Amino acid sequence: MTGESHDVVVVGGGIGGLANALALTRKGLRVRVLEQAHRFGEVGAGLQIAPNCTRILHHWGLLDEIKSLGVLPENIVMKDAVDGGVLSRLDLRDVERRYGFPYMVIHRSDLHGTLLRACQRAGVDLVNDVTVTGYEQADGGAVAVHAGGREFGEVVLAADGLHSVARRIVSDDEPVSSAYVAYRGAVPIEKVAGLDVHPKDVVVYVGPRCHFVQYPLRHGEMFNQVAVFESPKALAGEADWGTPDELDGAFAATCDQVRAGLPLMWRDRWWRMFDREPIMDWVRGRIVLTGDAAHPPLQYLAQGAIMAIEDAWVLSEHVGAQGRGRSADWDAALAAYNAVRPEHCRRVLTTARAWGNLWHHDGEKREWRNAVLRDRDVYDYTYVDWLFGPTARTPDQLPPMFPEYDTPRPMTA
Ligand code: FAD
């Protein structure tokens, strides 16, 4: 590829890649994004974005646009998927008062589109149809290699998702299958008229080896649903797992409200749920991991895209602090980024796994879980303070969290 040189090359134009490109351009750097797809876009339906994300979007001047596209739900309600009973609730108006920024739900393509438009306005060089196949260190920077040539940047940021090519440089780990699969579906709100749904809330039905999420999108004009379940075929080692017959089987014993929503799911595509073991070092020379390439989670805390946006904010703030724009001291900025982000994301990855286990209990454990959740005070923020509070820039700013969720796991360096 020809053309002027860039300070930073970002590989991948998903939410993480675009957030990084925008944040660094705002600090005065020239950024090129290389995306393998023919056009920039997002597949899927809704995303929940918590105050630790809307705070950063506000900082970037994007929150009003995001609010004009999304929904500010009133509550997150957790229910038992078998009997439909309410287990717990978060009052999202109080959440906004406490953290200063709203909890929102938004169509993925609307969040991605807002970032894309902001990148275009800021002058990010956005390039499609480029698949990066390798990376090399270089004098004063690094190189992303693709069929059309080589791209030099003082830093190459790999935002290439779960199956990241760049991750192989720092770890030989592979994606970990949870044997769970997600079905999604977003439909016009009229389609749920007459069903027993909460049009102004995020509702999560938790059940044995399954859960079901519902919330409104696009000013309440659409209704989004996510059905997640453990696949017996995946557990049996079969290659063809997560098929629609398994969807029907997994939810057969759930309450009427859940079963009424199932016919509205898209049945022609599904998403197998993978995460990876946390790794604590995301930097090799001037090649840097970000977003799902660094920390793909199971989605149970709804923090995956948020962590990618936080990565972008933290790195760019350190770049800004280390020197204005193009005179940035990259080594110092990358060391500061690497000192704080892996630890926060490790906590999210391990907590998400534990949270998923809690949601999917059966038998006595389900009874115990329900009793604990019913006891929880609506205004008890112990479980979310460490997530929803301001994003830590340095390790000493990392908030405390629950030790029982912070189970030590084998880690690859
Ligand atoms: P990706 O979105 O995977 O983007 C990677 C990009 O890189 C893609 O555009 C890809 O085409 C490109 N690419 C890949 N390889 C190459 C290459 N070699 N060369 C060039 N380009 C390349 N997160 C939340 O915050 N809130 C939620 O409510 C939420 N709900 C979720 C629900 C489900 C069912 C799932 C599966 C995930 C959910 N997440 C949620 C997680 C969130 O979707 C991801 O964490 C986030 O989208 C990751 O963004 P990314 O840009 O890092 O990676």
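Computed from a predicted structure; not experimentally measured. (Residues numbered from 1 in each chain as written. Predicted model: local features only at pLDDT ≥ 70, side-chain atom pairs only at ≥ 80, totals over all residues. Heavy atoms only, no water.)

### Brief notes about the sheet that holds strand β4 (residues 75-80)
Right, on to step 1. Strand order in the open sheet formed by 7 strands is β5-β4-β13-β14-β15-β12-β16, and the pairing between neighbours is mixed. Of all strands in the sheet, those with a lone pairing partner are β5 (86-91) and β16 (271-275), marking the two edges. Strand after strand, the sheet turns through a mean of 20° between neighbouring axes, direction not considered.
Right, on to step 2. Here β4 pairs with strand β13 (residues 201-207) via 6 bridges, running parallel. Across the sheet, D80 pairs through a bridge with V206, a residue of β13.
Right, on to step 3. Against the sheet, helix α11 (residues 330-359) contacts β4, β12 (176-188), β13, β14 (210-217) and β16, and its axis sits at roughly 70° relative to β13. (Pairing = 2+ DSSP bridges. Helix = DSSP H or I, 4+ residues; strand = E, 2+ residues; numbered from the N terminus. Axes fitted to C-alpha atoms, helices over the stretch in contact; angles between N-to-C directions. Contact = heavy atoms within 4.5 Å.)

### Some remarks on the site of the ligand
Right, on to step 1. In the vicinity of the ligand lie 28 residues, with G16, E35, Q48, R108 and D292 positioned nearest.
Right, on to step 2. At 3.0 Å, a backbone N or O of V132 approaches a nitrogen atom of the ligand.
Right, on to step 3. Burial of the ligand by the protein chains amounts to 85% of its free accessible area of 1000 Å².
Right, on to step 4. Listed by contribution, the elements that provide at least two residues to the shell around the ligand are α1 (15-26), β3 (46-49) and α10 (304-322).
Right, on to step 5. Per element, the largest residue contribution to the shell around the ligand is 3 residues, and it comes from α10.
Right, on to step 6. Of the residues belonging to the shell around the ligand, the class tally is 11 nonpolar, 11 polar and 6 charged. (Near = heavy atom within 4 Å. Polar contact = N/O pair within 3.5 Å; in protein donor to acceptor, adjacent residues only side chain to side chain. Areas by Shrake-Rupley, 256 points an atom, 1.4 Å probe, with all protein chains shown as cover. Nonpolar A, V, L, I, M, F, W, Y, C, P; charged D, E, K, R; others polar.)

### Details of the packing of α10 against α11
How two helices pack is summed up by the angle between their axes together with the distance between the axes.
Right, on to step 1. The interhelical angle for the contact between α10 and α11, taken along N-to-C directions, is 155°, at an axis separation of 9 Å. As summarised for this structure, α10 and α11 are arranged roughly antiparallel, according to the angle between their axes. The way α10 lies across α11 gives a crossing that is right-handed. Two secondary-structure elements touch here, α10 through M307, E310, D311, V314, L315, H318, V319 and Q322 and α11 through W330, A332, A333, L334, A336, Y337, V340, R341, H344, C345, V348 and L349.
Right, on to step 2. Broken down by class, the residue content of the contact of α10 with α11 amounts to 14 nonpolar, 3 polar and 3 charged. (Parallel < 35°, antiparallel > 145°, perpendicular 65-115°, else oblique. Left-handed = near helix turned anticlockwise from the far one by under 90°.)

### Topic: the packing of aromatic side chains
Right, on to step 1. One pass over the full model with this rule turns up 12 aromatic pairs.
Right, on to step 2. Judged by centre distance (5.8 Å) and plane angle (70°), the ring pair of W282 and Y337 falls under edge-to-face. Note that W282 is positioned in the loop between β16 and β17 (283-284) and Y337 in helix α11, a separation of 55 residues in sequence. Judged on exposure class, the residue W282 and its partner Y337 are both buried.
Right, on to step 3. Geometry around W271 places R184 over its ring, the cationic atom sitting 4.3 Å from the centre.
Right, on to step 4. Cation over ring: R269 sits above W266, and NZ or CZ is 4.4 Å from the ring centre. (Phe/Tyr/Trp six-rings, centres within 6.5 Å; stacked < 30°, edge-to-face > 60°. Buried < 20%, exposed > 50% of the residue type's maximum accessible area, 1.4 Å probe, protein only. Lys NZ or Arg CZ within 6 Å of the ring centre and 35° of its normal.)

### Describing the pairing of strand β15 (residues 222-230)
Right, on to step 1. By the criterion of burial, β15 is predominantly enclosed, with 8 of the 9 residues buried.
Right, on to step 2. One ladder, built from 9 bridges, connects β12 with β15; its direction is antiparallel. By the bridge assignment, P188 is partnered in β15 with M222.
Right, on to step 3. Bridge analysis of β14 against β15 gives 8 bridges, and the strand direction is antiparallel. Bridging across to β15, L217 finds its partner in M222.
Right, on to step 4. Counting the residues between successive antiparallel strands, the hairpin from β14 to β15 contains 4 residues, one of them, R218, with a positive phi of roughly 45°.

### Details of the side chain of S231
Right, on to step 1. For S231, the location among the structural elements is in the loop between β15 and α7 (232-235).
Right, on to step 2. Residue class for S231 comes out buried when judged on its relative accessible area of 0%.
Right, on to step 3. A polar contact of 2.7 Å, which involves the side chain of S231, links it to the side chain of E246.
Right, on to step 4. If near-sequence neighbours (up to four positions away) are discounted, S231 is found in contact with A179, W241, G242 and E246.

In short, shape yes, function no, at least from these values alone.
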